[in-house]
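Architecture and fold: a report
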Amino acid sequence: MKIRTRVAPSPTGDPHVGTAYMALFSYCHAKKNGGEFVLRIEDTDAERSTPESEQVILDSLRWLGLDWDEGPDVDGPHGPYRQSERSEIYTKYAQQLMDDGHAFRCFCSKERLDEMRAKQMSSGETARYDGHCLGLSQEEINSRLGAGENHVVRMKVPDEGECIVQDELRGDINIAWSQIDMQVLLKADGYPTYHLAVVVDDHLMEITDIIRGEEWINSAPKHILLYEYLGWDMPRLIHMPLLRNPDKSKLSKRKNPTSIGFYKAMGFLPEAVLNYLGMLGWSMPDGEEKFTLDEMIENFDIMRISLGAPVFDVEKLKWLNGRWLRESLDEEGFADRIAEWAYNRENLLRIIPLVKERVDVFSELAPMIGFFAEGLPDVSEESFQLKGVEMENVKRYLQFSLWRLEAHQDWQRDSLNQLFNDLAAEMGIKIRDLLAPMFVAISGKPVAPPLFDSMAVLGPDMTRARVRNALTAIGGVSKKQVKKLEKEYRQL
Ligand code: GLU
């Protein structure tokens, strides 16, 4: 049977290096075996999913050189490849599961469920749906449906015994059914949950090997049961270890830049980023650390994936990137790549209007625009000693701005201008004061070319990374401070 793998990102934020990591291993496994690699967009969380996020995920994976055989933008015989366009398919299977007695309608209110969970937790039990609506008569169901009552569809789960999850890398994992919740399959809005959609799609898209993060191991019993209920063959499961911060916690943007776009904006080579991600979970038979995607595919063997906790270490990535620059690019190639990166006409045409009025000779340009092609500016607490803004407020202003910027998608001068004006108004402070530390965070200096235009040129990943860099430079924000600030922020 032809090996078919997939990567299934949810378009709810930045293109995460973890997504690229799963995509790389899925890609290599398919290509090594002459198979196919599919990209599916899991946008069933209608509130958090955005087309902008989908686009940057596609762009980032393409930048890395991971091309898919089927996906929302290239189509294919198993489409649509966006879950939001497949609603009818999920409804059909939810109905089939109900007809066959494997799923049921649940009318429980949020209050009842909260109370039930609180009781279970306080007596040390696993929080799990108690089966309240399992015994409703057809008559009662019909009358409640007729009255238009809100409800969800849940799957039935055995109370006793255990499920054996067969993981290709980890062997058999036994999980007691009593630990598994009667998962909601269709939400009150008619949208499927991840669990129903992933099973239906992996089956209909003929996925043979599911490579995904280890955080999904505990969900596997639900999926296995759904395959059984629907009479479908179970694909092979491969749960990859999660990427970690150097302190071994789960990789997070507070401690490490996690967006692929950041690495692109910093001037890393896509080959080096892919090589590094590959190295985190796998090694060449001869132990060579520098390898190309083709070399990885040629030597790939899923069974040689390492289960040790892989630490994403930016310093190591930098070292590897340095090797790529020195060993794999001649001067011509180097010149082409830096032009592709930032030293190109298109970029200059965006920067020139911002500085044209301020220079008399070209030689004045370098100090003025150097920060556009800089990584993270070298700032310290001293850089933020600003007239009229106390240190305590610098932290508040930067953190509030960062939260707004993290939620912001439309990366244009005017909308950024609007964002900061709104924030200053809500905080009841002068826009000048709010922006003073931002100038330093973004350009490394208190005066710089127009701020919003500069942010627009730098792009979202680099802008946010510089604000985080500034916060670190002034001592970081402790968990306690975050809590306090969050409370204030929510009241704006
Ligand atoms: N949409 C899920 C995620 O983004 C996919 C998990 C899976 O691969 O099954 O993590």
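Scope of this entry: the structure provided in the associated data block. Remember, predicted model here, so these are calculated numbers, not experimental data. (Residues numbered from 1 in each chain as written. Predicted model: local features only at pLDDT ≥ 70, side-chain atom pairs only at ≥ 80, totals over all residues. Heavy atoms only, no water.)

Let us now look at the overall build of the protein. Across its full length, the protein carries 19 helices and nine strands. Against the globule reference of 23 Å for 492 residues, the protein gives a C-alpha radius of gyration of 26 Å, in line with a compact fold. For the protein, the C-alpha atoms occupy an extent of roughly 85 × 60 × 40 Å along the three principal directions. In the protein, which comprises 492 residues, the proportion classed as buried is 50%. Sequence-distant contacts, at least 24 apart, represent 75% of the contacts inside the protein between residues at least 6 apart. Approximately 24,200 Å² of the protein is accessible, and the part contributed by carbon and sulfur atoms is 49%. (Helix = DSSP H or I, 4+ residues; strand = E, 2+ residues; numbered from the N terminus. Rg over C-alpha atoms; globule rule 2.2 N^0.38 Å. Buried < 20%, exposed > 50% of the residue type's maximum accessible area, 1.4 Å probe, protein only. Contact = heavy atoms within 4.5 Å. Areas by Shrake-Rupley, 256 points an atom, 1.4 Å probe, with all protein chains shown as cover.)

As a matter of local geometry, the ligand sits amid Arg6, Ala8, Ser10, Glu42, Tyr194, Val198, Arg212 and Trp216. The side chain of Glu42 places a nitrogen or oxygen atom 2.6 Å from a nitrogen atom of the ligand. Within the complex, the protein chains bury 80% of what would otherwise be the 300 Å² of accessible surface of the ligand. Among the residues forming the shell around the ligand, the class breakdown is four nonpolar, one polar and three charged. (Near = heavy atom within 4 Å. Polar contact = N/O pair within 3.5 Å; in protein donor to acceptor, adjacent residues only side chain to side chain. Nonpolar A, V, L, I, M, F, W, Y, C, P; charged D, E, K, R; others polar.)

Running from amino to carboxyl end, helix 16 (residues 413–427) crosses helix 17 (residues 431–443) at an angle of 120 degrees, the nearest separation of the two axes being 9 Å. In terms of orientation, helix 16 and helix 17 fall into the oblique class. Of the two elements, helix 16 crosses helix 17, and the hand of that crossing is right-handed. Taken together, the residues of helix 17 that come into contact with helix 16 (itself represented by Phe420, Asn421, Leu423, Ala424 and Met427) are Ile431, Leu434, Leu435 and Met438. (Axes fitted to C-alpha atoms, helices over the stretch in contact; angles between N-to-C directions. Parallel < 35°, antiparallel > 145°, perpendicular 65-115°, else oblique. Left-handed = near helix turned anticlockwise from the far one by under 90°.)

Here the focus is unusual backbone geometry. Look at the link from Gly79 to Pro80: it is a cis peptide, with omega at -5 degrees. By the element assignment, Pro80 lies in the loop between helix 2 (51–64) and helix 3 (87–99). Non-glycine residue Asp75 carries a positive phi angle of around 65 degrees. As for its position among the elements, Asp75 is in the loop between helix 2 and helix 3. Positive phi is not limited to glycine here, since Glu206 has a value of about 55 degrees.

Moving on: the nonpolar core. Among the nonpolar cores identified, the biggest contains 99 residues, and Phe25, Phe312 and Leu398 are the most heavily contacted of them. Among residues more than four places away in sequence, those in contact with Leu398 are Phe384, Pro437, Met438, Ala441, Val467, Ala470, Leu471 and Ile474. Within the second largest apolar cluster, 51 residues are counted, among which are Tyr93, Cys163, Val198 and Leu230. (Core = buried A, V, L, I, M, F, W, Y, C linked by side-chain atoms within 4.5 Å.)

Counting through the fold element by element, Gly278 comes out in helix 9 (residues 270–281). With 39 residues separating them in the primary sequence, Gly278 and Leu317 have C-alpha atoms 11 Å apart. For Gly278, the contacting residues outside a window of four places in its chain are Leu24, Phe25, Phe291 and Met296.

Our next topic: helix 6 (residues 194–204). Along helix 6, nine of the eleven residues are buried, which leaves the element largely enclosed by surrounding structure. Looking only at helix 6, the buried set comprises Tyr194, His195, Leu196, Ala197, Val198, Val199, Val200, Asp201 and Asp202. Of the residues flanking the end of helix 6, it is Glu206, one or two places downstream, whose phi is positive at about 55 degrees.

With that out of the way, let us pick up the side chain of His239. Mapped onto the elements, His239 comes out in strand 9 (residues 236–240). What makes His239 buried here is its relative accessible area of 0%. Separated by 2.8 Å, the side chains of His239 and Asp167 make a polar contact. Only 3.1 Å separates the side chain of His239 from the side chain of Arg212, close enough to count as a polar contact. Ignoring anything within four residues of it in the chain, the contact list for His239 reads Asp167, Leu169, Arg170, Arg212, Gly213, Glu214, Trp216, Ile217, Ala220 and Leu307.

Their axes nearest at 10 Å, the elements helix 13 (residues 345–355) and helix 18 (residues 451–473) cross at an angle of 170 degrees. Here helix 13 lies roughly antiparallel to helix 18, going by the angle between them. Contacts from Asn347, Arg350, Ile351 and Leu354 in helix 13 reach Asp453, Ser454, Ala456 and Val457 in helix 18. Looking at side-chain class alone, the contact of helix 13 with helix 18 contains four nonpolar, two polar and two charged residues.

This part is about helix 11 (residues 314–328). Every α-helical turn comprises 3.6 residues, leaving residues that sit three or four positions apart pointing alike. Spanning 15 residues, helix 11 covers 20 Å between terminal C-alpha atoms, matching the ideal 21 Å at 1.5 Å per step. Restricting attention to buried positions, one finds in helix 11 the residues Val314, Leu317, Leu320, Asn321, Gly322, Arg323 and Trp324. (Expected span 1.5 Å × (residues − 1).)

This part takes up the packing of aromatic side chains. According to the stated counting rule, one finds 19 aromatic pairs in the structure shown. An angle of 75 degrees between the planes, with centres 5.4 Å apart, marks the rings of Tyr276 and Phe312 as edge-to-face. A residue pair is termed long-range when its members are at least 10 positions apart, and Tyr276 in helix 9 and Phe312 in the loop between helix 10 (293–299) and helix 11 qualify at 36 residues. Take Tyr276: its relative accessible area is 2%, and that puts it in the buried class. For Phe312, a relative accessible area of 1% puts it in the buried group. Here the aromatic residues Tyr21, Phe25, Trp282, Phe291 and Phe300 are joined through ring pairs into a cluster of three or more. For Arg154, the ring lying beneath its charged end belongs to Tyr129, and the centroid distance is 4.0 Å. Against the face of Trp324 rests Lys290, its NZ or CZ located 4.5 Å from the ring centre. (Phe/Tyr/Trp six-rings, centres within 6.5 Å; stacked < 30°, edge-to-face > 60°. Lys NZ or Arg CZ within 6 Å of the ring centre and 35° of its normal.)

Next up on the list: the state of the cysteines. Using the criterion set out here, one finds zero disulfides in the structure. This cysteine, Cys108, is not joined by any disulfide, and Cys133 carries the nearest cysteine sulfur, 3.7 Å off. Of the residues examined, Cys108 reaches a relative accessible area of 16% and is grouped as buried. (Disulfide = S-S within 2.5 Å.)

Next up on the list: the pairing of strand 9. Look at any regular strand and the pattern is simple: side chains alternate between the two faces of the sheet. Within strand 9, four of the five residues are buried, which leaves it mostly tucked inside the rest of the structure. Bridge count for strand 8 (residues 209–213) against strand 9 is five bridges, and the pairing is parallel. Across the sheet, Arg212 pairs through a bridge with His239, a residue of strand 9. For the crossover from strand 8 across helix 7 (residues 220–230) to strand 9, the handedness is right-handed. (Pairing = 2+ DSSP bridges. Right-handed = clockwise from strand over helix to strand, strands pointing away.)

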